[in-house]
Amino acid sequence: DQQVKQNSPSLSVQEGRISILNCDYTNSMFDYFLWYKKYPAEGPTFLISISSIKDKNEDGRFTVFLNKSAKHLSLHIVPSQPGDSAVYFCAGQAGGTSYGKLTFGQGTILTVHP
Amino acid sequence: DTGVSQDPRHKITKRGQNVTFRCDPISEHNRLYWYRQTLGQGPEFLTYFQNEAQLEKSRLLSDRFSAERPKGSFSTLEIQRTEQGDSAMYLCASSVDTYTGELFFGEGSRLTVL
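This structure is a prediction, so every number in the text was calculated from the model and none was measured.

1. Some points on the side chain of K38 of chain A
Okay, step 1: If you trace the backbone, K38 of chain A turns up in strand β4 (residues 30–38).
Okay, step 2: There is no salt bridge for the buried K38 of chain A, and the closest opposite charge comes from E42 of chain A, which lies 7.9 Å off by N-O distance.
Okay, step 3: In this structure the side chain of K38 of chain A is engaged in a polar contact, spanning 2.9 Å, whose partner is the backbone oxygen of E42 of chain A.
Okay, step 4: With near-sequence residues (within four places) excluded, K38 of chain A lies in contact with G43, P44, A86, V87 and F89 of chain A together with Q37 of chain B.

2. Here's the deal with the interface of chain B and chain A
Okay, step 1: With 23 residues of chain B in contact, the opposing surface of chain A contributes 20 residues.
Okay, step 2: Between chain B and chain A, a total of about 1800 Å² is buried, with carbon and sulfur atoms accounting for 54% of that surface.
Okay, step 3: The tally of links from chain B across to chain A stands at one salt bridge.
Okay, step 4: A salt bridge links E56 of chain B to K101 of chain A; the shortest N-O distance between them is 2.4 Å.

3. Describing the packing of aromatic side chains
Okay, step 1: Under the counting rule described, the total for this entry stands at 15 aromatic pairs over all chains.
Okay, step 2: A ring pair is formed by F30 of chain A and F33 of chain A, whose centres lie 5.8 Å apart and whose planes are at 85°; its orientation type is edge-to-face. F33 of chain A matches F30 of chain A in its accessibility class, with the two residues each being buried.
Okay, step 3: Ring centres of Y36 of chain A and F46 of chain A lie 5.8 Å apart, and the angle between their planes is 75°; this geometry places the pair in the edge-to-face category. Of the two residues, Y36 of chain A sits in strand β4 while F46 of chain A sits in strand β5 (residues 45–51), which places them 10 residues apart along the sequence.
Okay, step 4: The buried category is assigned to Y36 of chain A, whose relative accessible area is 0%.
Okay, step 5: Each residue in the set Y36, F46, F89 and F104 of chain A together with Y33, Y35, F45, Y48 and F105 of chain B is aromatic and connected to the rest through ring pairs, giving one cluster.
Okay, step 6: If you follow R22 of chain B out to its NZ or CZ, it ends over the ring of F74 of chain B, 3.9 Å from the centre.

4. Focus on the pattern of salt bridges
Okay, step 1: Scanning all chains against the criterion turns up seven salt bridges over all chains.
Okay, step 2: In this structure, R61 of chain A engages D84 of chain A in a salt bridge whose closest nitrogen and oxygen atoms are separated by 2.8 Å. Linking R61 of chain A in the loop between β6 (56–59) and β7 (62–67) with D84 of chain A in the loop between β8 (72–77) and β9 (86–94), this pair joins segments that are 23 residues apart in sequence.
Okay, step 3: Taking the relative accessible area as the measure of exposure, D84 of chain A reaches 2% and is therefore buried.
Okay, step 4: In the salt-bridge network here, residues are joined through shared partners; they are R64, E83 and D86 of chain B.

5. Description of the pairing of β5 of chain A
Residue and element names in this part refer to chain A.
Okay, step 1: The element β5 is extensively covered by neighbouring structure, given that five of its seven residues are classed as buried.
Okay, step 2: One ladder, built from six bridges, connects β4 with β5; its direction is antiparallel. Paired with K37 across the strands is T45, a residue of β5.
Okay, step 3: If you look at the hairpin formed by β4 and β5, you'll find six residues sitting between the two strands, and A41 has a positive phi there, around 65°.

6. Concerning the sheet that holds strand β3 (residues 19–24) of chain B
All names here are of chain B.
Okay, step 1: Read from one edge to the other, the open sheet built from four strands follows the order β1-β3-β8-β7, with strand pairing classed as antiparallel. Of all strands in the sheet, those bounded by a partner on one side alone are β1 (5–7) and β7 (65–68). Taken over all neighbouring pairs, the strand axes of this sheet differ in orientation by 15° on average, direction set aside.
Okay, step 2: Where β1 and β3 come together, three bridges link them in antiparallel fashion.

7. Digging into the side chain of K37 of chain A
Residue and element names in this part refer to chain A.
Okay, step 1: With respect to the helices and strands, the residue K37 is situated in strand β4.
Okay, step 2: Engagement of the side chain of K37 in a polar contact is seen with the side chain of Y39, the distance being 3.1 Å.
Okay, step 3: What K37 contacts, discounting residues up to four positions off in sequence, is G43, P44, T45, A86, V87 and Y88.

8. As for unusual backbone geometry
Okay, step 1: Each neighbour pair has its own omega, and for V78 of chain A with P79 of chain A the value is -10°, a cis peptide bond.
Okay, step 2: With respect to the helices and strands, the residue P79 of chain A is situated in the loop between β8 and β9.
Okay, step 3: Geometrically, the link from D7 of chain B to P8 of chain B is a cis peptide bond, its omega value of -5° lying close to zero.
Okay, step 4: Among the structural elements, P8 of chain B can be located in the loop between β1 and β2 (10–13).
Okay, step 5: Even without a glycine there, the phi angle at A41 of chain A is positive, about 65°.

Cut-offs applied
Residues numbered from 1 in each chain as written. Chains lettered and ligands numbered in written order. Predicted model: local features only at pLDDT ≥ 70, side-chain atom pairs only at ≥ 80, totals over all residues. Heavy atoms only, no water. Helix = DSSP H or I, 4+ residues; strand = E, 2+ residues; numbered from the N terminus. Buried < 20%, exposed > 50% of the residue type's maximum accessible area, 1.4 Å probe, protein only. Lys, Arg positive; Asp, Glu negative; His and termini not counted. Salt bridge = Lys/Arg side-chain N within 4 Å of Asp/Glu carboxyl O. Polar contact = N/O pair within 3.5 Å; in protein donor to acceptor, adjacent residues only side chain to side chain. Contact = heavy atoms within 4.5 Å. Buried area = accessible area lost by both parts, 1.4 Å probe. Phe/Tyr/Trp six-rings, centres within 6.5 Å; stacked < 30°, edge-to-face > 60°. Lys NZ or Arg CZ within 6 Å of the ring centre and 35° of its normal. Pairing = 2+ DSSP bridges. Axes fitted to C-alpha atoms, helices over the stretch in contact; angles between N-to-C directions.

Following this line, the structure appears as structure tokens:
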């Protein structure tokens, strides 16, 4: 069962515009949601997270929105830059003592054109 | 460089052989995780350690897989009698005791089973 889904395999945007990456989940026990970014030949790197009790978290150009009723989260990047081109994974973390045990989506390849 | 390091970066082996991967976490991190990533998918959780104790193993981890973290520092992941389905990127990550799910990943060890 796919508890975290990223339905868009790829997204292409123009430099300076907004990038919106989407993620749906089914597990109501997730207490944190995270976004990771991955460049080729590198491991994933943490980007931003949001607690399940919040609906928005912002860090510079990156904002994550959480809609619990729809079991949906999104990552907004404004303005997008060519260096943002990477694979983006969303992930959910179940509560309790298993923190760090993440369930990842399949990833979305973001390409930002100059 | 004080990041998570993994060795070897790439291993090619024949079916039926045993392979071992090593992970050196960030020194002050007491939690260490192993994930596996196949093409087009996000990382999948395999197991994690708190210091030297292995606290959880995924059902994905068959009896042919074993992981250790003998002194609470580096960890090894051994796969016995490799199968072609074991071909994947094996990612190690570490973290401090945080409930936010922020992990620091290594660059991964790619296994190819012929």
